[in-house]
Amino acid sequence: MKIKFKKKYAILTNSWTNGLITILLSLNLKPDDEIIIPACTFVACANVIEMVGAKVVFADIDPQTKLMDINDCISKITKKTKAIMPVHVNGRICNMIEILKISKKYKLKVIEDGAQSIGAKFKDFSTGYYGDCATISFYPAKVLGCFGDGGAIVTNKKNIYKKLYQLRDH
């Protein structure tokens, strides 16, 4: 299986969790800052957001796709919203074209959770292509696992990469 993220930078981490912690720390979030995630996802997504001091905002799930409902996501955006974290599940990728439109309109970061969708495609591009950053999991139960645990972050943004690289090592 050949997977192309079409990203300039990749940083390996010891887990998906530490990858997301690193991304969130790089955003310099403040205690009232909000991140929108789907209401139906693994608890680690919400835990990590709270761990770095930000607030979790849950968007409903689209009954057809079982992924984040775009309209509900829009309704949850406030002045405190800093990012949207679409969670791609079981090889299905969220409608990233719509999420990117939202992020551009409201000036939000997009952090793709690709823990369960490595190799999946939306409009001919793989998990991680669309967002500012994406987290990938190599946990043994994932699509592409390794012995023990492991993770990666992918991005095209050099300034984010530099911050991520420093934070990852500390």
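Residues numbered from 1 in each chain as written. Predicted model: local features only at pLDDT ≥ 70, side-chain atom pairs only at ≥ 80, totals over all residues. Heavy atoms only, no water.

A. Representation of the pairing of strand β4 (residues 81-84) within the structure. Inspection of the sheet shows strand β2 (residues 34-38) paired to β4 by three bridges, in the parallel sense. Looking across to β4, one finds that glutamate 34 is bridged to threonine 81. Relative to strand β5 (residues 109-113), β4 runs parallel, the two sharing two bridges. Residue pairing in the sheet places isoleucine 84 in a bridge with valine 110 of β5. Read as a crossover between parallel neighbours, the route from β4 over helix α4 (residues 96-106) to β5 is right-handed. (Pairing = 2+ DSSP bridges. Helix = DSSP H or I, 4+ residues; strand = E, 2+ residues; numbered from the N terminus. Right-handed = clockwise from strand over helix to strand, strands pointing away.)

B. Spotlight on α4. Every buried residue of α4 is listed here: Met96, Ile99, Ile102 and Ser103. What you see down the axis of α4 is that its buried residues fit within an arc of 120 degrees, all on one side. Set apart from the buried face of α4 by more than 90 degrees, the exposed residues are Lys101, Lys104 and Lys105. Lysine 107 lies just past α4 and shows a positive phi near 55 degrees. (Buried < 20%, exposed > 50% of the residue type's maximum accessible area, 1.4 Å probe, protein only. Arc of directions from axis to C-beta.)

C. How the structure looks around the packing of aromatic side chains. All told, the structure shown has two aromatic pairs when counted by the stated rule. A connected cluster of aromatic rings, assembled from ring pairs, spans Tyr9, Tyr161 and Tyr165. (Phe/Tyr/Trp six-rings, centres within 6.5 Å; stacked < 30°, edge-to-face > 60°.)

D. Examining the pairing of strand β3 (residues 55-59) more closely. The sheet contact formed by β2 and β3 spans five bridges and is parallel. By the bridge assignment, isoleucine 35 is partnered in β3 with valine 56. A crossover connection joins β2 to the parallel β3 through helix α2 (residues 44-51); in handedness this β-α-β unit is right-handed.

E. Spatial organisation of α2. By the burial criterion, the buried members of α2 are Ala44, Cys45, Ala46, Val48 and Ile49. Close packing links the buried residues of α2 with α1 (16-26), β2, β3 and β5. Just downstream of α2 lies glycine 53, where phi reads positive at about 95 degrees. (Contact = heavy atoms within 4.5 Å.)

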